[in-house]
Amino acid sequence: MATSNGSSSIHWGTPFHIYEILNERFKFNLDACAKNEYVSMHHHFISEEQDALKQEWCKDLAGFTVHNVFMNPPYGRAIKAFMQKAKEQVLKHDLTVVCLIPNSTGTLWFKENVKPVLDEMIIFHKRMQFYDHDASAFENSKAQGANFDSIAVVLKKNPRKEPIISFTDSRVI
């Protein structure tokens, strides 16, 4: 499937500095959408092969309870299923799930799966510099500018009536 950058990949590797800042705040227990062990943002992760859509996210593979999940889902048409799964897991297991996604607030998948559990949205001013998840290892990956805007959404079972909306620069955060 072609993406908007002309690549055949639907994976957009999370910029490490973005993950570090979010992790400092949310203390993630799980990376729900790691393509593989080389590009996982957390040592507890669900790989593409393990298929996050078929897993419960409330326990990691070692059996430890999960509370805060990071997710940078595959983009393109696949994103709808991952956002449905995120909403399901938030409601079922009372998780906090932080998703790095394209700024697509007008889409049906956003309205149905993000809005009902949206507690906070961080809008990035500058286009994100993602990494190539098709590289064999993170250090071999090259930054690639996105041709779409990105947001981080914080999903919770009992979100605020009026979600917090903040703005930040994706290259400075």
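Residues numbered from 1 in each chain as written. Predicted model: local features only at pLDDT ≥ 70, side-chain atom pairs only at ≥ 80, totals over all residues. Heavy atoms only, no water.

### Description of the nonpolar core
Membership of the largest hydrophobic core comes to 42 residues, with the highest contact counts inside it found for Trp 57, Met 71, Met 83, Val 97, Val 153 and Leu 155. Apart from the residues lying within four places of it in its own chain, the contact partners of Met 83 are Met 71, Pro 73, Cys 99, Ile 101, Trp 109, Asn 113, Val 114, Val 153 and Leu 155. (Core = buried A, V, L, I, M, F, W, Y, C linked by side-chain atoms within 4.5 Å. Buried < 20%, exposed > 50% of the residue type's maximum accessible area, 1.4 Å probe, protein only. Contact = heavy atoms within 4.5 Å.)

### Considering the sheet that holds strand E4 (residues 96–102)
Pairing is mixed across the open sheet formed by seven strands, whose spatial order is E2-E1-E3-E4-E8-E5-E9. Each edge of the open sheet carries a strand with a single partner, namely strand E2 (45–47) and strand E9 (164–168). Each strand of the sheet is rotated relative to its neighbour by a mean of 15 degrees, with strand direction disregarded. Relative to E4, strand E3 (residues 68–71) is paired through four bridges, and the arrangement is parallel. Among the inter-strand pairings, Met 71 is bridged to a residue of E4, identified as Cys 99. Contacts between helix H1 (residues 16–26) and the sheet are confined to E3, E4, strand E5 (118–124) and strand E8 (150–155), with E5 contributing the most and set at about 150 degrees to the helix. Docked against the sheet, helix H2 (residues 79–93) engages strand E1 (30–34), E3, E4 and E8, running at close to 165 degrees with respect to E4. (Pairing = 2+ DSSP bridges. Helix = DSSP H or I, 4+ residues; strand = E, 2+ residues; numbered from the N terminus. Axes fitted to C-alpha atoms, helices over the stretch in contact; angles between N-to-C directions.)

### Concerning H2
Helix length check: H2, at 15 residues, gives a terminal C-alpha distance of 21 Å against a target of 21 Å (1.5 Å per residue), a fit within 8%. Among the residues of H2, Ile 79, Phe 82, Met 83, Lys 85, Ala 86, Gln 89 and Val 90 are the ones counted as buried. For H2, the angular spread of the buried residues around the axis is 155 degrees, confining them to a single face. Where H2 ends, the next residue or the one after it, Asp 94, has phi of about 55 degrees, a positive value. (Expected span 1.5 Å × (residues − 1). Arc of directions from axis to C-beta.)

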